[in-house]
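# Tertiary structure, described
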Amino acid sequence: MDLDLDEDAARFRDEARAWLKDNVPDQPLASFDTVEGFAQHQEWEAKLADARWSVVSWPAEFGGRDASLLHWVLFEEEYYASGAPGRVNQNGIFMLAPTLFSHGTPEQRQRILPPMARSEQVWAQAWSEPEAGSDIAALRSTAKRADGGWVLSGQKTWSSRAAFADNAFGLFRSDPEGKRHKGLTYFMFPLRAAGVRVRPIPQLDGEPGFAEIFLDDVFVPDEDVIGEPHEGWRVAMTTANNERGLSLRSPGRFLAAADRLVAEWSRTRDPALAERVADAWIGARAYQLYTFGTVTRLAEGGQLGPESSVNKLFWSQLDVALHETALDLLGPEAETDTAWTGGWLFSLAGPIYGGTDQIQRNTVAERLLGLPRGDR
Amino acid sequence: MRFALSPEQTGFGASINALLSDVDVDAAARAWAAGEPGPGLKIWRGLAELGVTALAVPERFDGLAATPVDVVVAFEQLGYHAIPGPWVDTVAVLPALLDDEVLAGVAAGETLASIVFAPHVPFALDAEVAHARILVDGNVLHAFEPSRSLSSVDPVRRLSEVTTGEQMGPAHDVASAFESGVLATAAQLLGAGRWLLDTSVAYAKQRKQYGKEIGQYQAVKHLLADVATRLEFARPLLHAAAVTMAPRDVSAAKVAAGQAAYLAARTGLQVHGAIGYTAEYPLGLRLTKVRALVAAWGTAAWHRGRVLGR
């Protein structure tokens, strides 16, 4: 058992650190949920891609570096420690791309991934529906067979990035006889096409971070189905595991923020907040180490099972506690437009998206602890 | 980087678990609390045969010179089974305090130690069964004699105040002795927390109310899921602290293991209900031990201070 980086890993980390130091913008970009900020973030992503830092874990032929899981984690730590911008295309890079690597065709990968790596094409997720939130299998949007493809109809909601993104991905009921998880198909579909209407929804910060998507007989060709028709649930589980598990909430986010929190606290050393500041740092360090453990397990052939629910439960609560502590530390200034205030608003979404904390607790209790399944 | 236990370490933990699952540790603990250490000392010798008492002892005193990670693996099991006796003092702390033939007796399982480490460990644990009674004052070691007996919230921990005796000379490595004591205590907390979770899950699967196993109810499920999450995230802190032995990591591990174990204790009691509140049921042995260990070898507040770089 060790925490040592071999020469290769240390060199990779140093290269990332040096590049980020030279290239991360001095001033924070505008929110990527604004027209101006969205364009700024696309520009930043192109710059990352030019230096092959946008998708380090992908194969080189798609713009990546074939980075191992450990190298990817090291990159993420450096990325967030450097204060680099948020990732406008994270739905694509960290949710759709892993699904394409597992279930996509070579043609799909060739067509979709290179423009995703440069964020020339930005992707939104389209999981939830008005009547299908935690219970995604209750979804009602339909896909009907047509010549050479499918016709999609229905309504998706809470679609992150859909206000400005080019495309989206999600599940549709393709077999009207299919019940619940059966008879669903996984589609990629355009957001700027005939029959698609996107209604942006302002979030708590006032910016349209998500949107409703109305689909009215939207034709999608067969080549935009991922996996086999009617097998969408199984395909989507790959994506869900990626979102809830390692990928979306990289360890670097929390330790970098916790280090900033400790530094902020050290200016006054307010004893009333010492406990919460220390606990935030301890939680962030625990998250980093847990990730190193997961990386080791996966490198040795293990799977991401119900542990990804443990993982999500932990970070979603850590992120809220960390930001609440920062706001209490800032005092009256916390009400103003500080970086911590924006971060706090963002953290509040964590216990909801990607499966609420309550759903995660059910998963942990039933699949990790083996408690009997009961009524919801 | 390989941040996982080796197969040998996992196997070592499993063999300790197997040995302790075969003996009635709870009965030994109750006897120990009543001042009859015989059954507990028999378990001590059994564990010595497995090599547990020799772990941190250097090879020149017939020890195994094992790593702190091995020590943590062993203490997690000792905590799981809530074993009685001055294990932290003897097996984790003493080998770093002394460079002396006494350690050969520790390795053989014949010598037990009781250590007072002011200010964080002001009372002697199990001094009446200890052959080596040592008080650490700065960098200097003294002998001590137990004076007034104290009653611990965990009656299995037999505590006493002490009278300082003659000076024994300088400590070998006082800093490392202290960190080892903290780490072994944290490992016991994690183990006790795991036992509390396992036992509460098993109970929730068989106890029925309103016609259903109580483990079907989300109110119960969610409590237990939170405990599992806390314990899962305490373990890597413990392992990393054993790898780095950095005071900040050691303190982080102690705080997190204490929080997780205490949550496991409170939740375990709540899931069990009144049966858990009885002296007869074994849950209480862990619940009170967890409370005692949370304050032993540095309080949570003191360790948080180290995390923040006091």
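Computed from a predicted model, the values in this text were never measured in an experiment. (Residues numbered from 1 in each chain as written. Chains lettered and ligands numbered in written order. Predicted model: local features only at pLDDT ≥ 70, side-chain atom pairs only at ≥ 80, totals over all residues.)

### Description of the sheet that holds strand β3 (residues 132-137) of chain B
Residues and elements named next belong to chain B.
- The sheet built from five strands is open, its strands ordered β1-β3-β4-β5-β2 with mixed pairing. Two strands close off the open sheet at either side, each with one partner strand: β1 (113-117) and β2 (124-125).
- In this sheet, strand β5 (residues 158-170) lies alongside β2 in antiparallel orientation, the contact comprising two bridges. Counterpart to leucine 125 in the pairing with β5 is leucine 159.
- Seen against the sheet, helix α5 (residues 87-97) touches β1, β2, β3 and β4 (140-151) and runs at an angle of roughly 65 degrees to β1. (Pairing = 2+ DSSP bridges. Helix = DSSP H or I, 4+ residues; strand = E, 2+ residues; numbered from the N terminus. Contact = placed C-beta atoms within 7 Å. Axes fitted to C-alpha atoms, helices over the stretch in contact; angles between N-to-C directions.)

### Digging into the domain arrangement of chain A
Residues and elements named next belong to chain A.
- With domains assigned, chain A is organised as domain 1 (7-88), domain 2 (123-230) and domain 3 (249-368).
- At the junction of the two partners, domain 1 supplies nine residues and domain 3 supplies 10 residues.
- Taken together, the residues of the side of domain 1 that touches domain 3 sort by class into six nonpolar, no polar and three charged. (Domains from an automatic or database assignment. Nonpolar A, V, L, I, M, F, W, Y, C, P; charged D, E, K, R; others polar.)

### Things to note about the environment of Ser308(A)
Residues and elements named next belong to chain A.
- Note that serine 308 resides in helix α9 (residues 307-330).
- Residue serine 308 is classed as buried on the basis of its 24 C-beta neighbours within 10 Å.
- In this structure, the C-alpha to C-alpha distance between serine 308 and valine 364, residues 56 residues apart in sequence, is 9.0 Å. (Buried ≥ 20, exposed ≤ 12 C-beta atoms within 10 Å, placed from the backbone.)

### Here's the deal with unusual backbone geometry
- At the junction of Ala118(B) and Pro119(B), the peptide bond is cis and its omega measures out at 0 degrees in the coordinates.
- The residue Pro119(B) is located in the loop between β1 and β2 in this model.
- A positive phi angle, near 70 degrees, is found at Arg161(A), a position not held by glycine.
- Position of Arg161(A) relative to the elements: it lies in the loop between β3 (149-160) and β4 (167-173).
- Residue classification places Arg161(A) among the buried residues on the basis of 25 C-beta atoms within 10 Å.
- At Arg180(A), a position not held by glycine, the phi torsion is positive, near 50 degrees.
- Take Arg180(A): it is sitting in the loop between β4 and β5 (184-190).

### Some remarks on the interface of chain B and chain A
- Residue-level contacts link 36 residues of chain B with 34 residues of chain A.
- Where the side of chain B that touches chain A is concerned, the elements lending two or more residues are α7 (174-206), β7 (212-213), α8 (218-244), α9 (247-272) and α11 (300-307) of chain B.
- With 15 residues, α8(B) is the largest single contributor of residues to the side of chain B that touches chain A.
- Looking at the side of chain B that touches chain A residue by residue, the class counts come to 21 nonpolar, eight polar and seven charged.

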